[in-house]
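Here is how the chains run, residue by residue.
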Amino acid sequence: MTRVTPRAGLALAAIVLVVDQLVKWLVTGPLGLDFLGASRNLLPIFDLRFVQNNGVSLGMLRAETATMRWVLVAFTAAIAAAVLVWMWREPKRGDQLALGLVLGGAIGNILDRVRLGYVVDFADLHFGEWRPFLVFNIADAAITIGVLILLVRALVIRDKPDEIAKNSSENVHA
C-alpha cells in the first residue's frame, strides 16, 4: 500500500481548530455567554449554555488545582502527539482524516485549558429535560466523530483477503 502524506488530515485538523476557537469566541464574546448560568435558547431542543469544563472526557479527571490543570494539559498534549504520530504513519486517507478531526479537537481544548484554565463548552442538546450528552463544543464533537469513524473503519472496512496475502508474500520475499 502506498503511503500518503497526511496533508488532508493536517488541513482538517487546522480547520477544526480554527472553527472551534472562532465559535467559542462568538459564544463568549459577541453573544455574551461568558458567565456561569448564561444561556440562550436557539431551538426547542438546542440551547447555547456557558459551561466551564474543568475535566476531560465526560467531565472526569477534574482539574481542581493549578497542578492538576497542567497535568491535564500535559496528558492531553501527549495524546495529541500520539494522534499526530499515528496520522503521519497511517497509510489510509480516511483514517488520516478521522485522526485530523481528533487532533484538531484535542488542540482546541488544550488551547482553552492553557489560556483559561478550563474548556469552554456551550452546545446543549436536549429533549425536554432529557439530555443525551453533556454540554459540549465543536472540538468535542470533532473528537467524537473522528473516534467513531476510526471504530467503524476498523470494524467494517477491512483489507480484501487478496491484498493481505499479497502484502504478506511481499514481506516474506523482502
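Residues numbered from 1 in each chain as written. Predicted model: local features only at pLDDT ≥ 70, side-chain atom pairs only at ≥ 80, totals over all residues. Heavy atoms only, no water.

Visitor: I would appreciate a short explanation of the nonpolar core in the present structure.
Guide: The biggest cluster of nonpolar side chains holds 12 residues, and these are A13, V73, A80, V83, M87, A98, L99, V102, L103, A106, I110 and L150. Secondary-structure elements contributing two or more residues to this core are α2 (66-89) and α3 (93-116). The element best represented in this core is α3, accounting for six residues. For V83, the residues in contact, after removing those within four places along its chain, are L99, V102 and L103. Core analysis: the next-biggest nonpolar cluster, separate from the first, contains nine residues, L33, L48, F122 and A123 among them. (Core = buried A, V, L, I, M, F, W, Y, C linked by side-chain atoms within 4.5 Å. Buried < 20%, exposed > 50% of the residue type's maximum accessible area, 1.4 Å probe, protein only. Helix = DSSP H or I, 4+ residues; strand = E, 2+ residues; numbered from the N terminus. Contact = heavy atoms within 4.5 Å.)

Visitor: Honestly, the sheet that holds strand β2 (residues 46-53) in this entry has me stumped. Any pointers?
Guide: Two orientations exist for strands paired in a sheet by backbone hydrogen bonds: parallel and antiparallel. Spatial strand order, β1-β2-β3: three strands in an open sheet with antiparallel pairing. Of all strands in the sheet, those with a lone pairing partner are β1 (39-43) and β3 (119-125), marking the two edges. Going from strand to strand, the sheet's axes swing by 30° on average, the running direction of each strand aside. Inspection of the sheet shows β2 paired to β3 by six bridges, in the antiparallel sense. Each bridged residue has a counterpart across the sheet, and for Q52 the counterpart in β3 is V120. This element, α3, spans β2 and β3 of the sheet and lies at about 125° to β3. (Pairing = 2+ DSSP bridges. Axes fitted to C-alpha atoms, helices over the stretch in contact; angles between N-to-C directions.)

Visitor: Got a minute to help me understand a nonpolar patch on the surface in this structure?
Guide: Judged by side-chain polarity, V147, L148, L151, V152, L155, V156 and I157 come together as a nonpolar surface patch covering roughly 650 Å² of accessible area. Position of V147 among the secondary structure elements: in helix α4 (residues 138-155). (Patch = residues over 30% accessible without salt bridge, like charges linked within 9 Å, V, L, I, M, F, W, Y side chains within 5 Å. Areas by Shrake-Rupley, 256 points an atom, 1.4 Å probe, with all protein chains shown as cover. Salt bridge = Lys/Arg side-chain N within 4 Å of Asp/Glu carboxyl O.)

Visitor: Just checking my understanding: could you explain the packing of aromatic side chains for this structure?
Guide: Two aromatic rings, taken as a pair, are described by how far apart their centres are and by the angle between their planes. Under the definition given, this model contains three aromatic pairs. Each ring, one from F133 and one from F136, has its centre 6.1 Å from the other, and the planes form 70°; the classification is edge-to-face. On the accessibility criterion, F136 (23% relative accessible area) is partly exposed. (Phe/Tyr/Trp six-rings, centres within 6.5 Å; stacked < 30°, edge-to-face > 60°.)

Visitor: Quick question: what am I supposed to make of the side chain of N109 here?
Guide: Among the structural elements, N109 can be located in helix α3. By relative accessible area, which is 12% here, N109 ends up buried. In terms of polar contacts, N109 uses its side chain to reach the side chain of D140, at 2.9 Å. Each residue touching N109, except ones within four places of it in the same chain, is listed here: D20, K24, V119, N137, A139, D140 and I143. (Polar contact = N/O pair within 3.5 Å; in protein donor to acceptor, adjacent residues only side chain to side chain.)

Visitor: Just to check I follow, could you spell out the environment of L97 for this structure?
Guide: Summarising the element assignment, L97 is placed in helix α3. Judged by relative accessible area, L97 falls into the partly exposed class, the value being 31%. Setting aside chain neighbours within four positions, we find L97 in contact with A8, G9 and L12.

Visitor: How should the environment of G9 be read in this particular structure?
Guide: Mapped onto the fold, G9 is located in helix α1 (residues 7-28). Taking the C-alpha atoms as reference, G9 lies 8.7 Å from G94; in sequence the two are 85 residues apart. Residue contacts for G9: discarding those within four places in its chain leaves M87, Q96, L97 and G100.

Visitor: Please clarify how α4 should be interpreted in this entry.
Guide: Residues three or four positions apart in an α-helix share a direction because the helix packs 3.6 residues into each turn. Helix length check: α4 (18 residues) gives 26 Å between terminal C-alpha atoms against 26 Å at 1.5 Å per residue, within 8%. For α4, every residue scored as buried is listed here: A139, D140, A142, G146, L150 and R153. Buried-residue contacts for α4 involve α1, α2, α3 and β3. For α4, the N-terminal cap is N137; the gap from its side-chain oxygen to the backbone nitrogen of A139 is 2.9 Å. (Expected span 1.5 Å × (residues − 1).)

Visitor: Honestly, the pairing of β1 in this entry has me stumped. Any pointers?
Guide: For a regular strand, side-chain orientation follows a simple rule: the groups alternate between the two sheet faces. With four bridges joining them, β1 and β2 adopt antiparallel strand pairing. Counted as the bridge partner of S39 is R49 from β2. Counted between consecutive antiparallel strands, the loop separating β1 from β2 contains two residues.

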